[in-house]
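Single-letter residue listing:
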Amino acid sequence: MDKFIPDIYQKSIYEIDYKALKSRGIKCIIFDLDNTIAPVNIPVPDKETKDLFSDLEYLGFKLIIMSNSNKTRVEPFKEKLNVDSCCHSNKPLKKKYKKIMNIYGFKDNEIACIGDQLLTDILGANRMGFLSILINPISKIDYSITKINRYIEKKIFQNLTKKNLFKVGKYYE
């Protein structure tokens, strides 16, 4: 069950203390797209997201969108946010994470992953030894496969809560 526990849990990408991440030695932030950066039914990033990514770039972070979605979905965000991306990533499998490490030369302790799902984002980051950051989903609208994941995730949350290891809505850095 430890692989499902995030290192940090915040309400949204806007609540994270990015300066604290910088002071921890984080150089690269990998963002999930759907229901992390934007709801699944929104085709481009909004101004608030653009501003956040601009601020993070100014802080010196390498920003990457890593999504299990296809290129058509990811590309508008890549272009509008001026970041690199990885689509069809098959999270939580390690292959694309390793590819990012090889391309950019980051060590595992220099990467943070931010996402809204335990079964893909948090499990994938924890398996790689990256800093894992869970946020609440932006929207209740999900893809069909994600609805299945959410059902399983709900059971994992219940188990973690029962063991006093995690509680939904109790945020921490």
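About the thresholds
Residues numbered from 1 in each chain as written. Predicted model: local features only at pLDDT ≥ 70, side-chain atom pairs only at ≥ 80, totals over all residues. Heavy atoms only, no water. Pairing = 2+ DSSP bridges. Helix = DSSP H or I, 4+ residues; strand = E, 2+ residues; numbered from the N terminus. Axes fitted to C-alpha atoms, helices over the stretch in contact; angles between N-to-C directions. Buried < 20%, exposed > 50% of the residue type's maximum accessible area, 1.4 Å probe, protein only. Parallel < 35°, antiparallel > 145°, perpendicular 65-115°, else oblique. Contact = heavy atoms within 4.5 Å. Nonpolar A, V, L, I, M, F, W, Y, C, P; charged D, E, K, R; others polar. Polar contact = N/O pair within 3.5 Å; in protein donor to acceptor, adjacent residues only side chain to side chain. Salt bridge = Lys/Arg side-chain N within 4 Å of Asp/Glu carboxyl O.

Asker: Tell me about the sheet that holds strand β6 (residues 131–135), and name the residues and values.
Answerer: What the six strands build is an open sheet, ordered β1-β6-β5-β2-β3-β4; its pairing is parallel. Either end of the sheet is taken by a strand with one partner, and the two such strands are β1 (8–10) and β4 (84–86). Across the sheet, the mean angle separating the axes of adjacent strands is 20° when strand polarity is ignored. As paired strands, strand β5 (residues 111–115) and β6 are joined by four bridges and run parallel to one another. When the sheet's bridge partners are listed, A112 is paired in β6 with L131.

Asker: Which residues make up the pairing of β5, and what values go with them?
Answerer: Judged by how many residues are buried, β5 sits mostly within the fold: five of five residues are covered. Along β5, one buried face is formed by I111, C113 and G115 and the opposite face, lined by A112 and I114, is buried too. One ladder, built from four bridges, connects strand β2 (residues 28–31) with β5; its direction is parallel. Considered in β5, the bridge of I30 is made with C113.

Asker: Now, about the packing of helix α5 (residues 118–128) against helix α6 (residues 144–162): what can you tell me, with residues and values included?
Answerer: One way to put it is that α5 packs onto α6 with a least axis distance of 10 Å and a crossing angle of 60°. One way to sum up the angle between α5 and α6 is to call them oblique. In contact with L118, L119 and T120 of α5, α6 contributes N149, I152, E153, I156 and F157. Looking at the contact of α5 with α6, its residues break down into five nonpolar, two polar and one charged.

Asker: Explain the environment of D46 to me, using residue names and the numbers behind them.
Answerer: Relative to the helices and strands, D46 resides in the loop between β2 and α2 (47–58). Residue classification places D46 among the partly exposed residues on the basis of a relative accessible area of 42%. Taking the C-alpha atoms as reference points, D46 and L81, separated by 35 residues in sequence, lie 9.8 Å from one another. At 3.4 Å, the side chain of D46 and the backbone nitrogen of E48 are in polar contact.

Asker: Before we move on, could you go through the pattern of salt bridges and cite the residues and values that matter?
Answerer: Considering all chains together, one arrives at nine salt bridges under this definition. Linking E110 and K27 is a salt bridge whose minimum nitrogen-to-oxygen distance equals 3.0 Å. Of this pair, E110 sits in the loop between α4 (95–104) and β5 while K27 sits in the loop between α1 (18–23) and β2, and the two are 83 residues apart along the sequence. Owing to a relative accessible area of 11%, E110 belongs among the buried residues under this scheme. Judged by its relative accessible area of 39%, K27 is partly exposed. Across the salt bridge formed by R73 and D34, the nearest N and O atoms sit 2.7 Å from each other.

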